[in-house]
Amino acid sequence: MTCDVEFLAEVNAALADARFDWLGISLFEGGMELSREPHRYRISWSGWLSTTSSPTVSSDVHGYVFAPVIGPMIGANLLEIQHHNGIYELRFSSGQSVFAGHWPSDAADHVLMVDAITDNAPFTWGLLD
């Protein structure tokens, strides 16, 4: 997998030390909202999340099984997002990380979608594949 390193650098500059404020998980995907004054951002995923760099559950699970993986990070600050061979590591100020990736059979063209919720943010939206 490739990574748009320029967009990832832009995302990391905008979201460095952003507070993880809110988590929403549906049947098949999830999203988290972060704030770094004066802007708010959303990071959404449609693949898997794990505390390791590989999925720890099968691909036929529902999105809510990832709540225990990402939920403990609510209130922590996102330090950065790193890319490792198609897998993204979200590193938090709590010292914990969450990894995101595609299911092997996933038809999605991205791992994470990052968008700005507020106006005049450094970027509007983009995909990290």
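Look up a bit, the structure's there.
Owing to the predicted nature of the structure, the values given are computational and were not obtained by experimental measurement.

Chemist: Help me understand the pattern of salt bridges in this model?
Modeler: Side chains bearing opposite charge may pair, as long as their charged atoms lie close to each other. As enumerated under the stated definition, the model contains 6 salt bridges in all. One salt bridge connects Glu33 with Arg40, and the closest N-O pair in it is separated by 2.9 Å. Residue classification places Glu33 among the buried positions, given a relative accessible area of 14%. Within this structure, Arg19, Asp21, Glu33, Arg40, Arg42 and Asp115 form a network of salt bridges that share partners.

Chemist: Is there a simple way to explain the packing of aromatic side chains in this structure?
Modeler: The geometry of two aromatic rings is summed up by the distance between their centres and the angle between their planes. In this structure the tally under the stated criterion is 3 aromatic pairs. Of the aromatic side chains, those joined through ring pairs into one cluster are Phe7, Tyr41 and Phe123.

Chemist: Just to check I follow, could you spell out the sheet that holds strand E8 (residues 112–116) for this structure?
Modeler: Overall, antiparallel pairing links the 9 strands, which are arranged E4-E7-E6-E5-E1-E2-E3-E8-E9 in an open sheet. Both outer strands of the open sheet, strand E4 (48–50) and strand E9 (125–128), are each paired with one neighbouring strand and no more. Each strand of the sheet is rotated relative to its neighbour by a mean of 25 degrees, with strand direction disregarded. Summarising the sheet, E4 and strand E7 (residues 97–101) pair through 3 bridges and their orientation is antiparallel. Looking across to E7, one finds that Ser50 is bridged to Phe99.

Chemist: What exactly am I supposed to notice about the nonpolar core here?
Modeler: Across soluble globular proteins, nonpolar side chains show a tendency to be buried alongside one another. Counting 37 residues, the largest nonpolar core has Leu15, Met32, Ile43, Phe92 and Leu112 as its most contacted members. Residue contributions to this core peak at 5 residues, all from helix H1 (residues 5–15).

Chemist: I tried to follow the pairing of strand E6 (residues 87–92) on my own but got confused; where do I start?
Modeler: Counting buried residues along E6, 5 of its 6 residues qualify, which places the element largely inside the surrounding structure. The pairing of strand E5 (residues 77–84) with E6 spans 6 bridges and is classified as antiparallel. When the sheet's bridge partners are listed, Ile81 is paired in E6 with Leu90. Here E5 hands over to E6 after 2 residues, with Asn85 in that stretch at a positive phi of 50 degrees.

Chemist: Hey, could you run me through H1 in this one?
Modeler: Each α-helix winds once per 3.6 residues, and so residues spaced three or four apart point in a common direction. Among the residues making up H1, those that are buried are Phe7, Leu8, Val11, Asn12, Ala14 and Leu15. Buried residues of H1 fall within an arc of 165 degrees about the axis and therefore sit on the same side. Away from the buried face of H1 by more than 90 degrees, exposed residues Val5, Glu6 and Ala13 are located. Backbone geometry just after H1 places Asp17 at a positive phi near 70 degrees.

Reading the values: the criteria
Residues numbered from 1 in each chain as written. Predicted model: local features only at pLDDT ≥ 70, side-chain atom pairs only at ≥ 80, totals over all residues. Heavy atoms only, no water. Salt bridge = Lys/Arg side-chain N within 4 Å of Asp/Glu carboxyl O. Buried < 20%, exposed > 50% of the residue type's maximum accessible area, 1.4 Å probe, protein only. Phe/Tyr/Trp six-rings, centres within 6.5 Å; stacked < 30°, edge-to-face > 60°. Pairing = 2+ DSSP bridges. Helix = DSSP H or I, 4+ residues; strand = E, 2+ residues; numbered from the N terminus. Axes fitted to C-alpha atoms, helices over the stretch in contact; angles between N-to-C directions. Core = buried A, V, L, I, M, F, W, Y, C linked by side-chain atoms within 4.5 Å. Arc of directions from axis to C-beta.

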